[in-house]
Amino acid sequence: MLQKNEDNERQRAFTRRGLLLGGAQTLLLAGLAGRMYYLQVIESDRYKTLAEDNRINLRLLPPPRGRILDRFGLPLATNRQNFRVVLVREHAGDVEKVLMALSRLIELNEHDTKRVLREVSRKRGFVPVTVRENLTWDEVSRVEVNGPELPGVTIEMGQIRDYPYADSMAHVLGYVAAVAERDLTGDPLLELPGFRIGKNGIEQKYDLALRGNAGTSQIEVNAYGRVIRELNREEGKPGDELVLTVDGGLQTFVHQRLQGEKSASAVVMDIENGDVLALASVPSFDPNAFNIGLTYKQWNDLINDPLHPLTNKAIAGMYAPGSTFKMMVALAALKAGINPNQKVFCPGYMTLGRSRFHCWKRGGHGWVDMHEGIQHSCDVYFYDTSRKVGIDNIAAMANRFGLGEKVGIDLNGEKGGVIPTRDWKLANIGETWQGGETLVASIGQGFVLATPLQLATMAARIASGKQVTPRLTRGVRADAEPPEGEAAEAAVPDFAPLEVPPAHLKVIREAMDAVSNHPRGTAYRARIQEEGMELAGKTGTSQVRRITLAERAAGVTKNEQLPWRRRDHALFVSFAPVHKPRYCCAVVVEHGGGGSAVAAPIARDILLETQQRDPAGRRSLPIVAATQIVERG
Amino acid sequence: MAIDIFLSRRNPELTLRQKFWQLNWGMVLLLCLIAGVGFAMLYSAANGSMTPWASRQMIRFGLGLVLMFTVALIDIRFWFRYAYLIYFAAFALLVAVEVMGTIGMGAQRWIDLGFIRLQPSEMMKVALVLALARYFHGVASEDIGRPTYLILPIMLAVAPAGLVLKQPDLGTAGMLLLAAGAVFFAAGVRWWKFALVIVAGLGAIPIGWQFLHDYQKARVMTFLNPENDPLGAGYHSLQAMIAFGSGAVTGKGFMQGTQSHLNFLPEKQTDFIFTMLAEEFGLVGSLGLLGLYFLVLAYGLAISLRARNQFARVLALGLTTNLFLYVFINMAMVMGMFPVVGVPLPLVSYGGTVLLTVMIAMGLIMSCYIHRDIRISRRGTAEV
C-alpha cells in the first residue's frame, strides 16, 4: 500500500507537470496558428504579388515596321522574312559535333563557330543561340531535310528590312540599323536584341510612326527562367504605312541617268503641290547592307570615299549656282523698276575700279536686253544690272524663291545655302561689302551657295508664281478605299502667291523658254522636241577655281584638260511643259564641266521621262491626313 | 517474465483479441488522415503523378501501420525490459554511421541496408525516450531532487546528441535534448535546475557558435535576417514564405501552386511540404493540418496521464513531445520563425526512416494505452 500511495503521489506530480507541458505546447501551436494568420491573411497580398512577380515575365513583341510606299503604292521599304538557324544546347548534346554537321550544309565561318560556342557556354541550356542569320531558301531546306542529324537545331523566322530599290532610293529612305547607346530613350522596345531603328532619311524622320507600338506577351517562367506557357498576349500595333510623293519608276530612271556621272544629284518636283517625284544623288550605297551589319572595312570605305556616297547631295550639297542665279537678279531688277527692254553693251568684260570682270564669251555679246541676257547668259548684262539694283535687293528676291535658307523638306540633314547681304558679310566674315562682290554674286559665284533642292524649288516658284514648298511624304496609307467621288488626294497644299507681278515672271519664263527653244539659246541642243512637252530652263556653270590674269591672257584652259577636282560644276534648272508648267527639275553635276553640255541633257531626259510617265496625272494611292505622322529628330 | 505483482483488482492481462479492440482507433484515423494529406501533397509535388513519391510513401505507410500495430500489441513490459538494450543498439548504430556512414547531403547520417537507408539518429529519438522512461520509472520522487541521480540520464541524452551534432545534424540533436528536457521536467526535476541549464546554455551559445559549420552559421544568420540575401542563403526561406503567404485563405487550388510547381520552392516533397499545402489550400489547409496534429498530441497527452505506471506515463509523454517537436520545428521553420534545420513534417514529408520512427513511436504510445493498467514495480526486474 505504501508503494501504491507513493505511486499515486508520483502520478499527481506527473499529471501536474504533464499538463503544464501540454499547456506550453498548446501555446506554441497557437503561436504557429497566429503566424499562419499573419502570413496568409494579413500579409497575403504582398506575398501574392511577390509570387506573381516570380512567375510572370513580360515580354515585348516587336511590332512589324511600317512599309514605305511610293505614291502609287509600290513598296520601297518592306519587311522580308529572315530565316536564322538557332541552336538549343540541351537538345543538341554535343554542340561541337552538331556545328560540324551544320557547317557541311551551310556556310559557317570560324568566327561564327567560336561565337556560338562562347554563347552556348554562357547561357542556360534551354536558351536558343543564333548560329547564322539571313539564310537563303536553299540553305533553309538543306537544314530542314537534314533535321534528324542536327539535334537541337531549328530554323526561326524573323523580319528584316528590305529595300527592293537598293541604292537608287538610299538617300530618300535612309536605312535602319541596330540601336546605338545614344539612341536609347528608356523605351524598352529599343533594348530588344536585334531591334532596328531608322538612322537616316525617311526611316529616321518618321521612325516613331513607322515603328508602331510594341505588343506584350505575359509568360509564365519557372525558377530557372524556362518558359512554361503564355498567359496573355496583347498584339502590338504595326507601324504606319507611309506613302511618299516619290514615283519609284521615275526615281529609278533619274538615278540611272545620273549614274554616268562621277558625282551628281537631281530633284524632280510637281510645281502644283510640291511633291518631290524623284530625288537622287550619286554615288549611292545599298541600305540593305546596314541592317545585315556592315563590316569595319565596308564602313570605312563608305566614309572615306572622296565622292561621299553617304551624303545626300540633293539636299546637303551646296554649290555656287552660277548663271542659274541670274533669274533672281533679273526679277530684282524688274521689281526695282528697270525696263527689261533696256539694252546693255557687252564688250566681253566690265571694269569696276581697277578690276576687270569678264563675260564668259570672250568677244562679248554686244547690245543685250534682259531677255537676251538670260538667253545667252550674258554676264556683263547682270554685272551692270546688279550694280543698279544692289546686293540687298537681289538677296531679298532670292529669299522669296527659297534660296538662302532651308526649304523645309521632311528629311534630316538639309542645308540652307548662302545668299549674302551687306549685313551677312559683316556678321559672318567681319568685313564690309565690296562693290565688286555684288557683281560676282550676280552671276551666282562668290559667296552664293544653293542646294539642288533649293534650285528645284526656285524653278517651281518661277513656273507657278506660288510659294511652292517641297514635300516627300504624302501621308499614311488609308486602311480602306475612300468612297467614290470623294477626293482621293488629301489636302493639296494651298500655297500662298509669291507676290511677284505675273508680268515679271512672264519675262523670266519667256527668257528661259528661249534658252532651250531658241536656236541661239545656251541649251538649244538639249531641248525637248516632242510636241507640247518642251522645257524651259537655265544653264549654269560655276567655277571652283580662280582664273588668273595670266591664264586669261593665254586662253582659259579647257575643262577637259583640268584635273577633275578643279573642273567647273555643271547646273541646269528647268520646268516643263513650257506653256503649261507642271514639273520642274534641277540637276547638278559636280565638276561636270559646262551646264549646257553636261547638265542640260540630263535634265532634258528626266523631264521628258517625267512627262511621259505623268505621275501627277495618274491616280495615286489613297491616304489619310498627313498630320497623323509622328516625326522624330 | 520478470514482471512484478499486480495490485489492481481489474486484471490487466488481456488476450490479443481484447488488446486489438483496445487499440485507439480514433488515433489511427487521425494518423491516416494526416498521412492522406501527405499522399495528396506528394502527388501534387510530382505534378499529378503517383511516382516517384506518393506510391512509395503509401507502401511505407502501410508497412508503418503494420509495424505500429505490432508494437502496440506487444506487452509494455517487453519494452520496459529491453529499453536499455534498444538504447544501446541505437547508440551503436549511431557510432557506426560516424565510422562508416555513407556521405549523403554533405552529412553522414545513413546506413545503407540495401532495401532501406537506416538513419540511426531517428531511431535514437525513440530509444532515448525509452531509456529515460525506464530510468525515471525506477527513481523515487524524493531521489529526483538529488543531483547524483541526474548524472546518468543526462549522460544518456548528451552522448547521442553530441554524436548527432557531429554528423552534423543540428535539428535532430536539438530535438533529442529538448525531448530529454521535457522528460526530465515531467519526471519532476526541479524548476531551478532547468533555469540553471537554460542560463548555462545561453552562456554557451558564443562558444558553441565556434563549432558550427559555415552553412549552419549561414542558416542561423539567414533566419535572423532572411531578406538580406534574397538570392543566396535566404532564398529558400523567402521563397517558402512567399509560397505560404500567397496561398491566402483558400489557397490556389490542388496542384495549382505556382511557387511549388515552378520550382521556386525548395525541397517541396520533404522539409517544405507544408508550404506547398499552405500554398494550394491556404489558411484552411494549414490550420486544418495543424488541428489534426493538435488532436494527435492531445490524445498522446491524455494517454500519458491515464497510464498507471510511471514508465508508460513518461514514455507516452516523451514520445508525444517528440512528435510535437517535429511538427513545431518544421512548421516554424517553413514559416520563417526558425532557422532551416532540416526537420521533416511527420507522416507528410517524403522519407522512410522518419515515417517508420513516427509509426513506431505511435505504436508505443498505443501500447501505453492498451497496457495502461499494468503496474510495474519500481525496480522492475529486480523484484521478482
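Keep in mind the model is a prediction, meaning the values are calculated, not measured.

Engineer: Explain the overall build of chain A to me, please; I cannot follow it from the model alone.
Structural biologist: Secondary structure assignment for chain A yields 23 helices and 21 strands. Over its C-alpha atoms chain A spans a radius of gyration of 37 Å, topping by over 25% the 26 Å that the globule rule assigns to 633 residues. When its C-alpha atoms are laid out on the principal axes, chain A stretches across 160 × 60 × 55 Å. Burial status across chain A gives 52% buried among its 633 residues. Residue pairs at least 24 apart in sequence account for 75% of intrachain contacts in chain A once pairs closer than 6 positions are excluded. Accessible area of chain A: about 29,000 Å², with a carbon and sulfur share of 50%. Each charge class in chain A was averaged separately, 79 positive and 74 negative side chains, and the resulting centres sit 5 Å apart.

Engineer: I would appreciate a short explanation of a nonpolar patch on the surface in the present structure.
Structural biologist: All names here are of chain A. A cluster of nonpolar side chains, namely Tyr-37, Tyr-38 and Ile-42, defines an oily patch on the protein surface of about 310 Å² accessible area. Note on placement: Tyr-38 falls in helix α1 (residues 2-42). Here Tyr-38 falls in the partly exposed class, since its relative accessible area comes to 35%.

Engineer: Before we go on, may I ask you to explain the environment of Gln611(A) in this structure?
Structural biologist: Residue and element names in this part refer to chain A. Of note, Gln-611 is situated in helix α23 (residues 595-613). Each C-alpha atom, one on Gln-611 and one on Glu-534, is 9.9 Å from the other, the two residues being 77 residues apart in sequence. Discounting residues that sit within four places of it in the chain, Gln-611 has contacts with Ile-528, Gly-532, Met-533, Ala-576, Pro-577 and Tyr-583. In terms of polar contacts, Gln-611 uses its side chain to reach the backbone carbonyl oxygen of Met-533, at 2.9 Å.

Engineer: Help me understand the interface of chain A and chain B, please; the structure alone is not making it clear to me.
Structural biologist: When the parts come together, some accessible area is lost, and that loss is often what is quoted as the size of the interface. The interface is formed by 41 residues belonging to chain A together with 59 residues belonging to chain B. Note on chain A versus chain B: buried area summed over both sides is about 4,400 Å², and carbon and sulfur give 65% of it. Considering only the side of chain A, the residues that lose the most area to chain B are Arg10(A), Phe14(A) and Arg17(A), jointly responsible for 19% of the buried surface there. Between the two partners, chain A and chain B, sit zero salt bridges.

Engineer: Whenever I open this one, helix α21 (residues 502-517) of chain A confuses me. Can you help?
Structural biologist: Note that an α-helix has 3.6 residues per turn; residues three or four places apart therefore point the same way. Compared with an ideal rise of 1.5 Å per residue, which puts 16 residues at 22 Å, α21(A) spans 21 Å between its outermost C-alpha atoms and is within 8% of the ideal. Residues of α21(A) that are buried make contact with α14 (326-335), α15 (370-376), α20 (452-464), β18 (536-542) and β19 (569-576) of chain A.

Engineer: Would you mind going over the pairing of β18(A) with me for this structure?
Structural biologist: If a strand is regular, its side chains alternate between the two faces of the sheet. All names here are of chain A. The element β18 is largely enclosed, with a buried count of six among its seven residues. By the bridge criterion, seven bridges tie β18 to β19 in an arrangement that is antiparallel. Across the sheet, Thr-539 pairs through a bridge with Phe-572, a residue of β19.

Engineer: Teacher, can you tell me more about the sheet that holds β19(A) here?
Structural biologist: Hydrogen bonding along the main chain pairs the strands of a sheet, whether they run parallel or antiparallel. Residue and element names in this part refer to chain A. Reading across from one edge, β12-β11-β20-β19-β18 is the order of the five strands in this open sheet, with antiparallel pairing throughout. Each edge of the open sheet carries a strand with a single partner, namely β12 (276-282) and β18. Going across the sheet, the axis of each strand differs from the next one's by a mean of 5°, ignoring polarity. Note that strand β11 (residues 264-270) and strand β20 (residues 583-589) share seven bridges and pair antiparallel. Within β20, the position partnered with Val-267 by the bridge is Ala-586. Helix-sheet contacts for α21 involve β18 and β19, and the interaxial angle to β18 is about 75°. Each of β11, β12, β18, β19 and β20 is contacted by α23, which is oriented at about 145° to β20, the strand it contacts most.

Engineer: I keep staring at the pairing of strand β8 (residues 215-221) of chain A and nothing clicks. Help me out?
Structural biologist: Residues and elements named next belong to chain A. Burial analysis of β8 places five of its seven residues in the buried class, the great majority of the element. Two strands pair when backbone bridges link them, and strand β1 (residues 56-61) and β8 are joined in this way by six bridges, in the antiparallel orientation. The residue bridging Ile-56 from the neighbouring strand is Glu-220, located in β8. In this structure, β8 lies alongside strand β9 (residues 227-234), joined through six bridges in antiparallel fashion. Bridge pairing links Val-221 to Val-227 in β9.

Engineer: Please explain the pattern of salt bridges as it appears in this structure.
Structural biologist: Two side chains with opposite charge may pair up if their charged atoms get near one another. All names here are of chain A. Overall, the coordinates contain 40 salt bridges over all chains when judged by the stated rule. Linking Glu-52 and Arg-55 is a salt bridge whose minimum nitrogen-to-oxygen distance equals 3.0 Å. Taken together, the residues span about one helical turn, with Glu-52 and Arg-55 both in helix α2 (residues 44-55) at a distance of three residues. By relative accessible area, Arg-55 is classed as buried at 12%. In this structure, the salt-bridge partner of Glu-220 is Arg-229, at a minimum N-O distance of 2.8 Å.

Engineer: For this particular structure, what's the right way to read helix α5 (residues 110-122) of chain A?
Structural biologist: Residues and elements named next belong to chain A. Over its 13 residues, α5 extends 19 Å from the first C-alpha to the last, a length consistent with the 18 Å expected when each residue adds 1.5 Å. Looking at α5, one finds that the buried residues are Asp-112, Val-116, Glu-119 and Val-120. In an axial view of α5, the angular spread of the buried residues amounts to 100°, which keeps them on one side of the axis. Turned more than 90 degrees away from the buried face of α5 sit Glu-110, His-111, Lys-114, Ser-121 and Arg-122, all of them exposed. Residues of α5 that are buried in the fold lie against β3 (75-87), α3 (89-92), α4 (95-103) and β4 (129-132).

Engineer: What should I look at first to understand the packing of α14(A) against helix α16 (residues 379-389) of chain A in this one?
Structural biologist: All names here are of chain A. The interhelical angle for the contact between α14 and α16, taken along N-to-C directions, is 45°, at an axis separation of 10 Å. Regarding the angle of α14 to α16, the classification is oblique. Where α14 crosses over α16, the two elements pack in a sense that is left-handed. Facing Lys-326, Val-329, Ala-330, Ala-332 and Ala-333 of α14, the residues of α16 in contact are Asp-379, Phe-382, Thr-385, Ser-386 and Val-389. Of the residues that constitute the contact of α14 with α16, the class distribution is six nonpolar, two polar and two charged.

What counts, and where the lines are drawn
- Residues numbered from 1 in each chain as written.
- Chains lettered and ligands numbered in written order.
- Predicted model: local features only at pLDDT ≥ 70, side-chain atom pairs only at ≥ 80, totals over all residues.
- Heavy atoms only, no water.
- Helix = DSSP H or I, 4+ residues; strand = E, 2+ residues; numbered from the N terminus.
- Rg over C-alpha atoms; globule rule 2.2 N^0.38 Å.
- Buried < 20%, exposed > 50% of the residue type's maximum accessible area, 1.4 Å probe, protein only.
- Contact = heavy atoms within 4.5 Å.
- Areas by Shrake-Rupley, 256 points an atom, 1.4 Å probe, with all protein chains shown as cover.
- Lys, Arg positive; Asp, Glu negative; His and termini not counted.
- Charge placed at Lys NZ, Arg CZ, Asp CG, Glu CD.
- Patch = residues over 30% accessible without salt bridge, like charges linked within 9 Å, V, L, I, M, F, W, Y side chains within 5 Å.
- Salt bridge = Lys/Arg side-chain N within 4 Å of Asp/Glu carboxyl O.
- Polar contact = N/O pair within 3.5 Å; in protein donor to acceptor, adjacent residues only side chain to side chain.
- Buried area = accessible area lost by both parts, 1.4 Å probe.
- Expected span 1.5 Å × (residues − 1).
- Pairing = 2+ DSSP bridges.
- Axes fitted to C-alpha atoms, helices over the stretch in contact; angles between N-to-C directions.
- Arc of directions from axis to C-beta.
- Parallel < 35°, antiparallel > 145°, perpendicular 65-115°, else oblique.
- Left-handed = near helix turned anticlockwise from the far one by under 90°.
- Nonpolar A, V, L, I, M, F, W, Y, C, P; charged D, E, K, R; others polar.

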